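# Breakdown of the fold
Chain by chain, the residues run as shown.
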Amino acid sequence: MTIQKSEGIVLRRQDLRETSLILTLYTRDFGKIKGIARGVRGSRAQYGGGALELFALDEIVFYERKTSDIYTVSQCDLLEYFNPLRADLAKLSYATYLIELLDSVTTLADKNDEVFDLLLNSLRLMAGESSAKRAARIFEIKLLNLLGLMPSLDLCVSCGKRPDTGFKFSLQHGGLVCKNCLESDRAALSILPGTAKFIEHIRSLPFEKVERIKVTPQVGRELESILRKFLDYQIERRLKTVEFLREIER
Ligand SMILES: [Zn+2]
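Residues numbered from 1 in each chain as written. Predicted model: local features only at pLDDT ≥ 70, side-chain atom pairs only at ≥ 80, totals over all residues.

### Here we look at the pairing of strand 5 (residues 68-80)
As a reminder of what qualifies: One bridge is not enough; two strands pair if DSSP finds at least two bridges between them. Secondary structure is summarised from DSSP: a helix means a run of H or I of at least four residues, a strand means a run of E of at least two, and numbering begins at the N terminus for each.
Pairing of strand 3 (residues 31-37) with strand 5, which is carried by 2 bridges, proceeds in the parallel orientation. Bridge pairing links Gly35 to Tyr71 in strand 5. As judged from the 8 bridges shared by strand 4 (residues 57-65) and strand 5, these two strands associate in the antiparallel manner. Looking across to strand 5, one finds that Asp58 is bridged to Leu78. Count of turn residues in the strand 4/strand 5 antiparallel hairpin: 2 residues.

### Here's the deal with the domain arrangement of the protein
Note the threshold: Where each domain starts and ends follows an automatic or database-derived domain assignment. For the purpose of contact definition, each residue receives a C-beta atom placed from its backbone, and two residues are in contact when these atoms lie within 7 Å. Three categories are distinguished: nonpolar for Ala, Val, Leu, Ile, Met, Phe, Trp, Tyr, Cys and Pro, charged for Asp, Glu, Lys and Arg, and polar for the others, with Gly belonging to the last.
Domain parsing of the protein yields domain 1 (1-81) and domain 2 (83-250). Each of domain 1 and domain 2 has a C-alpha centre, and the two are 29 Å apart. Domain 1 puts 16 residues into the contact, and the matching count from domain 2 is 18 residues. Only strand 1 (3-16), strand 2 (20-27) and strand 3 provide two or more residues apiece to the side of domain 1 that touches domain 2. Ranked by the residues each element gives to the side of domain 1 that touches domain 2, the list is headed by strand 3, at 4 residues. When grouped by side-chain class, the residues that make up the side of domain 1 that touches domain 2 number 9 nonpolar, 2 polar and 5 charged.

Dropping the structure here:
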């Protein structure tokens, strides 16, 4: 029995019988894992102080079980609770959206410490002064990039030439189609040059620098809608939090 230790962020919690939980965590050293935490209803010190709440950052101790790829989580020590995210409905909803999105696009045991850092930095950004919506857009773009799902926004996906004007965005082909290639996807979406440029900019800059980039309200709205459609197309289902975010922003 090998005992492992890692930092992890709680993505999901499911009840298992009366006193146990199945936790899904995104860990720095092992990627996404599932683990059973037992005896969580009491005030047992090994899962202290909000450590089992969604998007809490914990140091966890866990070990393999003989018969299953679900680990046993024997200890969770809370490292960061993100209080400001829990005190504000919009921030809470966006933080919940980040973990739901990450859970839906990752598989178990696929370690990626850059993805771990992106989630952690995005939660911290949201917990600060920054707009939660803006932090969510940055998270979406950076996540697509780290997972190799980034749409092509500099060259036409059909002919490979650099489009100048009159291009559109194809969900099906995963990027821009130039005006000569519009026939290849009649359902391609309109996209402003500023939106394509903004996405490319966020993708290429280090996380510490992205917060300062300004966008016009028009680009901001289009960005949200295009990323939403692109992510839905990639995930092939609607996330629960997306509808909820719509409701609270109405
Ligand atoms: Zn083309």
